[in-house]
Amino acid sequence: MTTGRIHPLPLYLANQIAAGEVVERPASVVKELVENSIDASADNIEVTIEGAGRQLIRVSDNGTGIHPDDLPLALSRHATSKLSSTEQLGMIASLGFRGEALPSISSVSQLTLHSRQADQPCAWQITTDQDPIPSAHPQGTMVEVRDLFFNIPARRRFLRSDKTEQQHIATTLNRLALSQFDVAFRWQIDKLGAIKLPAAITQPQKLQRIGKICGNSFVRDALYLEQSYQDIDIHGWISPPSAHRAQTDVQYFFINGRVIRDRLINHAIRQAYDGLLPEGRQPGYVLYLTLPLDKIDVNVHPTKHEVRFREARLVHGLITKALQETLNTAQPPQPGFDSPRTTIIQEAAAEYPSKHEARQPSAAEQVITNKRQLSAILHQRYALVDVESEPTLIDLQQAEQILKQIAFVSAISEQTLASRPVLVPLELPCSEAQRLLIGQHQSILSALAFDLRPGQNGLVIKAIPTLLAQMDLRQLVESLLIQLATTNTDPIDIAKNIAETLPLSPVISHAQAEKILSELEGNEASVKHCYRKLDLQSLAGLFSG
């Protein structure tokens, strides 16, 4: 195949190619324009959409505006006020910085821009094919984008229905509104009704905005978390395992005020909820990560949704650890066996089958070992089962804890105990005697699958037994030091004593309860005190108001 001679692309064609990366659909235009408004220090942004964005996208703000002499540059490629040196490329604080958004958008639409700075006597207007002219407009900038993809019919045909494009625009605006609480937003998407979000400064105001976007049910159940490690901070709201969702519609993550959809972040959050949610269900979260600009590269994707971390393992570990600690410490109080009246959280039918149809359990699912048939899960802890037609209450949390103790001791005896690295190495303060104690008993620590070493200012935790991964690290080390200080050098005895402090985990799903019940086979003698036979009066009390 013979190729033609090399030649420079016409400017309009280069802009349209760039638009293919930046402008995927109307929601992409909304994102770029609103981010420009935020970068211009606007604290009031209004968005108007007509024809699902095909006919009109208008974004108005009260930001700093654009100097009249700079208006032609604003519509030219690779022109920006946000970067001026290579050094700044590693310290990007603005949302937009590539200098491609406005020229790309103007190459596939009829774009008009009005802008006025505070010290200018009037506003100025510019279009794609016209020099700047005076216009009437208050301080700030207004960009009107009409007839999107009018000159690229193929791209226009790839757009989805009005309803779908409207939903994408609403999702984009929701993300931007959650990323900037100090900015007031107002938007009108066709004739669907105006959304007004005043600036949110206080915590109640922020929760009110979150409630309007994510729903009041999320706010009502949400757990607040706040944690720091060195110069990295994470805070926000997460749903407890009991408030799981069918979709990923309430999953928002922001880094330094930037909307992010990143695989590393998603994996860290999934790992924190691992084993706590029914299969196919999703957690809800609105989380904010702040870290130094030189520890993150946002210049790795045209739409800037993905990022690259300088210390990816550290960030991953911090996120997982912060969520796990919040989920572990925010469990509701559990009732004792002396007062069995509880609220039923989940019954066998609540398996969330597809198409919202009640799925009948199979015979294998109905019959658990030793002819145990699970009837209900109570208060995320107790299983109400029929053991040969006798109603019995089983403390699943306590039974699972005992099973973990048995597995822990057995793994040490058989020398199969696995070790799990701590992604965020933790250094705990300690006395000189404790430092010496750890140094003297490295062989015992190795048998217990611990990697715990004296550091400059304390004890550094680098790895722990996998079976103890859910324990609080500080509590775990304190328990270990107590055992070593008693001159007990038998790893089995130490393991038994440490395992007694294992935390109780909530039983969320029907499948999780069945798994615990199946593991009880052959261990009834060890967990017999977890069983309680019920008479008819006690059974009735479980279901009374």
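All figures in this text were calculated on a predicted structure; none of them were measured in a lab.

Engineer: Any chance you could explain the overall build of the protein chain here in plain terms?
Structural biologist: Looking only at helices and strands, one finds 19 helices and 23 strands in the protein chain. With 545 residues in all, the protein chain has 48% of them scored as buried. Counting contacts in the protein chain only where the partners sit at least 6 residues apart, residues at least 24 apart contribute 69% of the total. Taken as a whole, the protein chain presents about 27,300 Å² of accessible surface, with 50% of it coming from carbon and sulfur.

Engineer: Help me understand the environment of Asp 472, please; the structure alone is not making it clear to me.
Structural biologist: Considering the arrangement of structural elements, one finds Asp 472 in the loop between strand E22 (459-465) and helix H16 (473-485). Note on Asp 472: relative accessible area 34%, which makes it partly exposed. For the pair Asp 472 and Glu 325, spaced 147 residues apart in sequence, the C-alpha separation works out to 7.5 Å.

Engineer: Would you mind showing me how to read the side chain of Thr 127 here?
Structural biologist: With respect to the helices, strands and loops of the structure, Thr 127 is situated in strand E4 (residues 123-127). Each residue touching Thr 127, except ones within four places of it in the same chain, is listed here: Leu 75, Leu 111 and Thr 112.

Engineer: Explanation requested: the nonpolar core in the structure shown.
Structural biologist: Nonpolar side chains in soluble globular proteins tend to be buried together. Ranked by size, the top nonpolar core spans 53 residues in total, and within it Leu 33, Val 34, Ile 45, Val 145 and Cys 214 carry the most contacts. Apart from residues no more than four positions distant in its own chain, Val 145 is found in contact with Val 29, Leu 33, Gln 55, Leu 56, Ile 57, Ile 105, Ser 109, Gln 110 and Leu 111.

Engineer: Would you explain the packing of H16 against helix H17 (residues 491-499) in this entry?
Structural biologist: For any two helices packed against each other, one specifies the inter-axial angle together with the distance between the axes. Interhelical geometry of H16 versus H17 gives an angle of 140° and a closest axis separation of 10 Å. On the basis of their axis angle, the class for H16 and H17 is oblique. In the packing of H16 onto H17, the handedness of the crossing is right-handed. In this structure, H16 contributes Leu 476, Ser 479, Leu 480, Gln 483 and Leu 484 to the contact, and H17 contributes Ile 494, Asn 497 and Ile 498. The class makeup of the residues in the contact of H16 with H17 is 5 nonpolar, 3 polar and no charged.

Engineer: Help me understand the environment of Gln 203, please; the structure alone is not making it clear to me.
Structural biologist: Tracing the backbone shows Gln 203 in helix H8 (residues 203-214). The exposure class of Gln 203 is partly exposed, given its relative accessible area of 34%. When residues no more than four places from it in sequence are discounted, the contact partners of Gln 203 are Tyr 224 and Trp 237.

Engineer: Would you mind showing me how to read the packing of helix H7 (residues 162-179) against H8 here?
Structural biologist: Packing of H7 against H8 leaves a shortest axis separation of 10 Å and a crossing angle of 165°. By the angle between their directions, the pair H7 and H8 is classed as roughly antiparallel. Read as a crossing pair, H7 and H8 show a hand that is left-handed. Contact residues: Asn 174, Ala 177 and Leu 178 in H7; Arg 209, Ile 210, Ile 213 and Cys 214 in H8. Its residues assigned to classes, the contact of H7 with H8 comprises 5 nonpolar, 1 polar and 1 charged.

Basis of the calculations
Every residue gets a number counted from 1 within its own chain, in the order that chain's sequence is written. Given that the model is predicted, a residue must reach a pLDDT of at least 70 before its local features are reported, and side-chain atom pairs must reach 80 or more before they are shown or counted; all residues, however, enter totals for whole chains, interfaces and linings. Side-chain calculation: all heavy atoms of the structure are included, whereas hydrogens and water are not. Under the DSSP-based scheme used, a helix requires at least four consecutive residues in state H or I and a strand at least two consecutive residues in state E, with every element numbered from the N terminus. Three exposure classes are used, based on accessible area relative to the maximum for each residue type with a 1.4 Å probe and protein chains only: buried under 20%, partly exposed in between, and exposed over 50%. Two residues qualify as a contact provided that any one of their heavy atoms is within 4.5 Å of a heavy atom in the partner residue. Working definition of accessibility: Shrake-Rupley area with a 1.4 Å probe, residue cover restricted to the visible protein chains. Here, the term nonpolar core denotes a set of buried Ala, Val, Leu, Ile, Met, Phe, Trp, Tyr and Cys residues that are joined through side-chain atoms within 4.5 Å. In this analysis, axes come from line fits to C-alpha atoms, helices being fitted only over the stretch in contact, and the angle between any two N-to-C directions falls in the range 0 to 180 degrees. Working rule for angles: under 35 degrees goes down as roughly parallel, over 145 as roughly antiparallel, 65 to 115 as roughly perpendicular, anything else as oblique. Helix crossings get a hand from a simple test, with the near helix turned counterclockwise from the far one by less than a right angle marking a left-handed crossing and a clockwise turn marking a right-handed one. In this classification, Asp, Glu, Lys and Arg are treated as charged, Ala, Val, Leu, Ile, Met, Phe, Trp, Tyr, Cys and Pro as nonpolar, and every other residue, Gly included, as polar.

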